[in-house]
Amino acid sequence: QVQLVESGGGLVQAGGSLRLSCAASGRTFSTYHMGWFRQAPGKEREFVAVISWSGGSTYYADSVKGRFTISRDNAKNTVDLQMNSLKPEDTAVYYCAAATTGWGVDNLKRGTANYWGQGTQVTVSS
């Protein structure tokens, strides 16, 4: 069992930055691919970024490429999402997710995960 707790959300002006963090419980964090997803009001949840278990591979949605950076620290059981040049359309609840290496990165990118966090609100004002 893995528990995921997100933090770092808030209100920021367009062009600003925020850093989200996801803390994971358990001693097997390094065996999970990790991802960030978001859901805006009235829209489906969408993929934002995924990082492989080792941190050696990262994947981004086209809408955030070049602005967001996902990283992980397996010693601290954390995965972060650095968000720069934020836009009003980035406003959403952001969720952290974990998928076992057996489940795979591709499944995680499609939005199917073994574990989800409760979400943190990010609001970008224009």
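Above: the structure in question.
A brief structural summary. (Residues numbered from 1 in each chain as written. Predicted model: local features only at pLDDT ≥ 70, side-chain atom pairs only at ≥ 80, totals over all residues. Heavy atoms only, no water.)

### With respect to the state of the cysteines
Piece 1. This structure, assessed with the given rule, holds 1 disulfide.
Piece 2. The disulfide that involves cysteine 22 links it to cysteine 96, with 2.2 Å between the sulfurs. Handedness here is read from the sign of the S-S torsion; for cysteine 22 and cysteine 96, about -80°, the answer is left-handed. Placement of the pair is cysteine 22 in strand β3 (residues 18-24) and cysteine 96 in strand β9 (residues 92-100), with a sequence separation of 74 residues.
Piece 3. Cysteine 22 gets classed as buried once you look at its relative accessible area, which sits at 0%.
Piece 4. Judged by its relative accessible area of 0%, cysteine 96 falls in the buried class. (Disulfide = S-S within 2.5 Å. Helix = DSSP H or I, 4+ residues; strand = E, 2+ residues; numbered from the N terminus. Buried < 20%, exposed > 50% of the residue type's maximum accessible area, 1.4 Å probe, protein only.)

### A word on unusual backbone geometry
Piece 1. With a phi close to 60°, asparagine 77 is a non-glycine residue in the positive phi region.
Piece 2. On the secondary structure map, asparagine 77 appears in the loop between β7 (68-73) and β8 (78-83).
Piece 3. For serine 85, which is not a glycine, the phi torsion comes out positive at approximately 50°.
Piece 4. Assignment of secondary structure puts serine 85 in the loop between β8 and β9.

### Side note on the pairing of β8
Piece 1. For β8, the buried fraction is high: 5 of the 6 residues fall into the buried class.
Piece 2. When β3 meets β8, the two strands line up antiparallel, connected through 6 bridges. Looking across to β8, one finds that leucine 20 is bridged to leucine 81.
Piece 3. Relative to β8, β7 is paired through 6 bridges, and the arrangement is antiparallel. Residue pairing in the sheet places isoleucine 70 in a bridge with leucine 81 of β8.
Piece 4. Adjacent in sequence and paired antiparallel, β7 and β8 are bridged by 4 residues, among which asparagine 77 carries a positive phi angle near 60°. (Pairing = 2+ DSSP bridges.)

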